[in-house]
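Breakdown of the fold
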Amino acid sequence: MKLRFYIKGLHCANCASKIENAVRGSEGVSSAHLDFTRMVLTVNTDIEAKDAERMVQFIADSIEPGTVFSLEDDEEEESSFGIILTTLCTIAFLTLFVSDLMGLVHEDVADLLFIAIFLITGAETLIAAVRGILNKDVFNEYFLMSVATVGAVLIGQYAEAAAVMVFFSVGELVEDYAVGSSRRRITELLDSVPETAHVIRDGRTIDVDPYDVAVGEHISVRPGERIPLDGIIVDGTGEIDTSMVTGESCPRNVSAGDAAISGSVNGMSAITVEVTRSFSESAMVRIAEMMESAGERKSQSERFITRFARYYTPAVCVLALMLATIPLLLGYDPYVWVYRALTFLVISCPCALVISVPMTIMSGIGCASSKGILVKGGNYLEMLSSVDTIAFDKTGTLTEGRFTVTEVISDDPETLRMVAYALESNSTHPMAKAVCSGLEGTDVMMTEGTEHPGMGMEGIVNGRKAFVGNSRLMEYAGLDVDDTSDIGTVHVAYDGRYLGKIHLADIVREDAAGTISELRELGVKRMVMLTGDREPVAKRVSSELGMDSYVSEMLPEDKLSALESLLYDAGGNTVFVGDGINDGPSLRRADIGISIGRSGSDTALDASDVIISGDGLKDIPLAMRISRRTMSILKQNVILSLGIKVAVLVLTVVGLSNMWGAVIADVGACILAVSNSLRALRI
């Protein structure tokens, strides 16, 4: 079963990684993921819930004391005791430090007070270090800080020991604030899922849990409320704001017959919606679930940093030991080099890297979601930054996926329109509906109608025989017609004579050409169209959009084979973009599968790695830009964090830095990296 634990008091991303690994390696646990950004631990296990909670808490206590894992989401704020204590100790330290510099306090008294401040602010850090040693988890930031500060006390540097602990505590508070800010921004989408639906039953409107609303029932959505379930508007007109779901900035005008997407905000007029999907299958809930699980698929950068931190801390401890002992063996002043080794440990803490990398990735995912682009994992966001080849499905992806009348050819167009509308209005075929949509309606009705499957309609209009359909129906009517068009054609015959034909086409999306052009500007080397449509149609669409190549008349398995060839030849990541049921295998096989959400089938949405919640291809290059900017910020954080640390390490070795500089540089690097990560929330 799947259990979700809510976390409070976890301040260390490195410890979060260790807790995750320890839980994952426990008996009876098949998988575990700790989302440090959202403070949630998800565990798949055979263990009973309460036993699992005790196990997880035991592991957490051994790694970071004070952390609480609970199956209940307690939304109350954490105690402010830690904030008050840190603030008071900081004020006391600064007051004492200034007084000591001015000679206002006797040196022995000042030393005792510095030791007291050190013990008060560092108690949790010292206890965590001891517990880590007892649980064979020695090398963590608590160990680094404890060794450095205890060593400083032993060599008589009481003020510096207190300073390290005070500024370390202040840094943790600032980091917590920054992480909390990021978390609130990222979880805004999840918190907007409606908790109540106004369902209309037996002529009365009652408030119920959205889970209790059945498909086919009608719900009322009042002005300013969020639509709780997917459906079709059956009464009312106005505007709905879909920005939370699709990223569209402008409200959409709606009326009866239009779709109502859950999560959208209704405008100034009440509407009635017929529910078409249960709450658990609604767009908003599915988006929330995808966002919750996004952190489980870690990017290559996140995995590298986790491995890096695992070996980094032991390595710097060894280097610090060498820095203290080798000069001693060579006859140098032991006090000087022990002090430098302790300072070396302070600046070596890997917090800035371990926190900022996953936060940057999750901020990028949060930015994409605010634009209606749902990325199912950090690995996919990272891969979007280096796309070499994109393969597109045609129908419903590059084209509108519906027939539209493009031309009427006839010597008697008025009669043709009358006859065609009279017959086609009695058919449910998609081409018949397209004909009726493209022609003006008339009062003339068909009588004695007959539908010929695969050919068209036959009937009586104004007492005369009429035929509307393909060339085979015309042959059946005894007429010879020219049918060489490369697009859908509907022929019309009336009273024994051929009236003319109606051309229909699946028109190209308005933003398709611009998207292809923008993708080329972003460096995508090859764009291919894969379609099951006929050769002439595929050729026309490919030429119109400027595709590099196309393959037509394909079965789903043919698409998969063609995609595998593209994967083999690609120099970077290969993307497949589709929206239909038959696109599922290709969406799964591609390095990155992208589905067009509003028109996409459930199969396509489940199989894809990135979902465009709106209906625009233009969001594909936007997703790539968000990815590249996120990876750019991530690299900046790595360079910033390592650069500051290496610089201070070098200065420490040559004696130009002390513990004051080390702790300020360490905390500063972490705050700068975390703050920089938040820039990935916006583009």
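Every value quoted in this text rests on a predicted model; they were computed, and no experiment measured them. (Residues numbered from 1 in each chain as written. Predicted model: local features only at pLDDT ≥ 70, side-chain atom pairs only at ≥ 80, totals over all residues. Heavy atoms only, no water.)

**Observations regarding the packing of helix α5 (residues 141-154) against helix α11 (residues 334-347)**
- Their axes nearest at 8 Å, the elements α5 and α11 cross at an angle of 150°. The angle between α5 and α11 places the two elements in the roughly antiparallel class. The crossing of α5 and α11 is left-handed. From α5, L144, M145, V147, A148, G151 and A152 reach across to α11, where they touch L342, L345 and V346. (Axes fitted to C-alpha atoms, helices over the stretch in contact; angles between N-to-C directions. Helix = DSSP H or I, 4+ residues; strand = E, 2+ residues; numbered from the N terminus. Parallel < 35°, antiparallel > 145°, perpendicular 65-115°, else oblique. Left-handed = near helix turned anticlockwise from the far one by under 90°. Contact = heavy atoms within 4.5 Å.)

**Details of the sheet that holds strand β17 (residues 446-452)**
- Read from one edge of the open sheet, six strands run β16-β21-β20-β19-β18-β17, paired in antiparallel fashion. Lying at the two open borders of the sheet, with one neighbouring strand each, are β16 (399-410) and β17. When strand polarity is set aside, the average angle formed by the axes of neighbouring strands in this sheet is 20°.
- Set on the sheet, helix α15 (residues 413-424) makes contact with β16, β17, β18 (456-461), β19 (464-469), β20 (488-494) and β21 (497-508); between it and β20 the angle comes to about 105°. (Pairing = 2+ DSSP bridges.)

**With respect to the sheet that holds strand β2 (residues 29-35)**
- Spatial ordering of the open sheet is given by β2-β3-β1-β4, a layout of four strands whose pairing is antiparallel. Bordering the open sheet on either side are β2 and β4 (68-70), each of which pairs with just one other strand. Ignoring which end each strand starts from, the neighbouring axes of this sheet average 25° apart.
- Across six bridges, β2 lies against strand β3 (residues 40-45) in antiparallel orientation. Its bridge partner being in β3, S31 is matched across the sheet by N44.
- Sitting on the sheet, helix α2 (residues 49-63) touches β1 (2-8), β2, β3 and β4, and the angle it makes with β4 is about 165°.

**Here's the deal with the packing of aromatic side chains**
- Evaluation of the coordinates by the stated rule reveals eight aromatic pairs.
- With centroids separated by 6.1 Å and ring planes inclined at 20°, the aromatic side chains of F93 and F97 adopt a geometry described as stacked. With F93 and F97 both in helix α3 (residues 81-101) and four residues apart, the pair spans about one turn of that helix.
- Aromatic side chains F93 and W660 sit 5.7 Å apart centroid to centroid with 35° between the ring planes, which places their arrangement in the tilted category. Separated by 567 residues along the polypeptide, F93 in helix α3 and W660 in helix α24 (residues 659-677) bring together distant segments of the chain. (Phe/Tyr/Trp six-rings, centres within 6.5 Å; stacked < 30°, edge-to-face > 60°.)

**Quick look at unusual backbone geometry**
- Positive phi, normally seen in glycine, also occurs at N462, with a value near 55°.
- If you trace the backbone, N462 turns up in the loop between β18 and β19.
- In this structure, E553 is a non-glycine residue whose phi angle is positive, near 50°.
- By secondary structure assignment, the location of E553 is in the loop between β23 (549-551) and α20 (556-569).
- Taking relative accessible area as the criterion, E553 reaches 51% and is therefore assigned exposed. (Buried < 20%, exposed > 50% of the residue type's maximum accessible area, 1.4 Å probe, protein only.)

All quantities given are derived from atomic positions and should not be read as evidence of function.
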